[in-house]
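Structure at a glance
Now for the letters of each chain:
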Amino acid sequence: MKSIVYFILAVITIVYIGFLCYVNIAGTNSDVEYYISVYGALAIALAYAGINFFGNPLKIVFFILLIIAVIILVLTIALPDVFKSLFGVA
């Protein structure tokens, strides 16, 4: 049961970082997107802390995916125009 919860949290974390990349490229269009981008990480971090992140055999794979997602997030923060032209966002 614990590994299923870790798997779900890891997927949610990666999807959240992808959402942050989208917000950096396209901008926020609504209050919902703004609140998700601001408070989503807090909710995910609290979930990880509550369940205890360590002890999952798949954590290495998800940790590597998380590092890659964070690197892409930093790049979209630093160079949003490059990604806008790459994906054709106006």
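Residues numbered from 1 in each chain as written. Predicted model: local features only at pLDDT ≥ 70, side-chain atom pairs only at ≥ 80, totals over all residues. Heavy atoms only, no water.

Details of the overall build of the protein chain
Within the protein chain one finds four helices and zero strands. Across the 90 residues in the protein chain, those meeting the buried criterion constitute 24%. Pairs at least 24 apart in sequence give 75% of the contacts found in the protein chain among residues at least 6 apart. Working note: accessible area of the protein chain is about 6,100 Å², and carbon and sulfur atoms make up 77% of it. (Helix = DSSP H or I, 4+ residues; strand = E, 2+ residues; numbered from the N terminus. Buried < 20%, exposed > 50% of the residue type's maximum accessible area, 1.4 Å probe, protein only. Contact = heavy atoms within 4.5 Å. Areas by Shrake-Rupley, 256 points an atom, 1.4 Å probe, with all protein chains shown as cover.)

Overview of the packing of aromatic side chains
Enumeration according to the criterion identifies three aromatic pairs in this entry. Between Phe-19 and Tyr-22 the ring centres are 6.5 Å apart and the planes differ by 40°, which places this aromatic pair in the tilted class. Of the two residues, Phe-19 and Tyr-22 both sit in helix H1 (residues 2-26), three residues apart, roughly one turn of that helix. Residue Tyr-22 is classed as partly exposed on the basis of its relative accessible area, which comes to 39%. Pairing Tyr-35 with Tyr-39 gives two aromatic rings, centres 6.1 Å apart and planes at 15°, and the pair type is stacked. Pair noted here: Tyr-35 and Tyr-39 are both in helix H2 (residues 31-51), with a separation of four residues, about one helical turn. Overall, the relative accessible area of 46% leaves Tyr-35 in the partly exposed class. (Phe/Tyr/Trp six-rings, centres within 6.5 Å; stacked < 30°, edge-to-face > 60°.)

Observations concerning a nonpolar patch on the surface
Residues Ile-4, Phe-7, Ile-8, Val-11, Ile-12 and Val-15 make up a contiguous nonpolar surface patch of roughly 520 Å² in combined accessible area. If you trace the backbone, Val-11 turns up in helix H1. With relative accessibility at 34%, the residue Val-11 sits in the partly exposed group. (Patch = residues over 30% accessible without salt bridge, like charges linked within 9 Å, V, L, I, M, F, W, Y side chains within 5 Å. Salt bridge = Lys/Arg side-chain N within 4 Å of Asp/Glu carboxyl O.)

Topic: the confidence of the model for the protein chain
A low pLDDT score tells you not to read the predicted coordinates there in detail. Scored by pLDDT, the protein chain comes out at a mean of 79, with 80% of its residues at no less than 70. Across the protein chain, helix H4 (residues 80-87) holds the top mean pLDDT of 86, while H2 sits lowest at 77. (pLDDT = per-residue confidence, 0-100.)

Examining the side chain of Thr-76
With respect to the secondary-structure elements, Thr-76 resides in helix H3 (residues 59-78). At a separation of 2.8 Å, a polar atom in the side chain of Thr-76 contacts the main-chain carbonyl oxygen of Leu-73. Not counting residues within four places of it along the chain, the set of residues in contact with Thr-76 comprises Cys-21, Asn-24, Ile-25 and Phe-83. (Polar contact = N/O pair within 3.5 Å; in protein donor to acceptor, adjacent residues only side chain to side chain.)

A word on the environment of Glu-33
Along the chain, the position of Glu-33 falls in helix H2. Sequence separation between Glu-33 and Val-23 is 10 residues, and the spatial gap between their C-alpha atoms is 7.8 Å. Contact partners of Glu-33, with chain neighbours within four places excluded, come to Phe-19, Tyr-22, Gly-27 and Thr-28.

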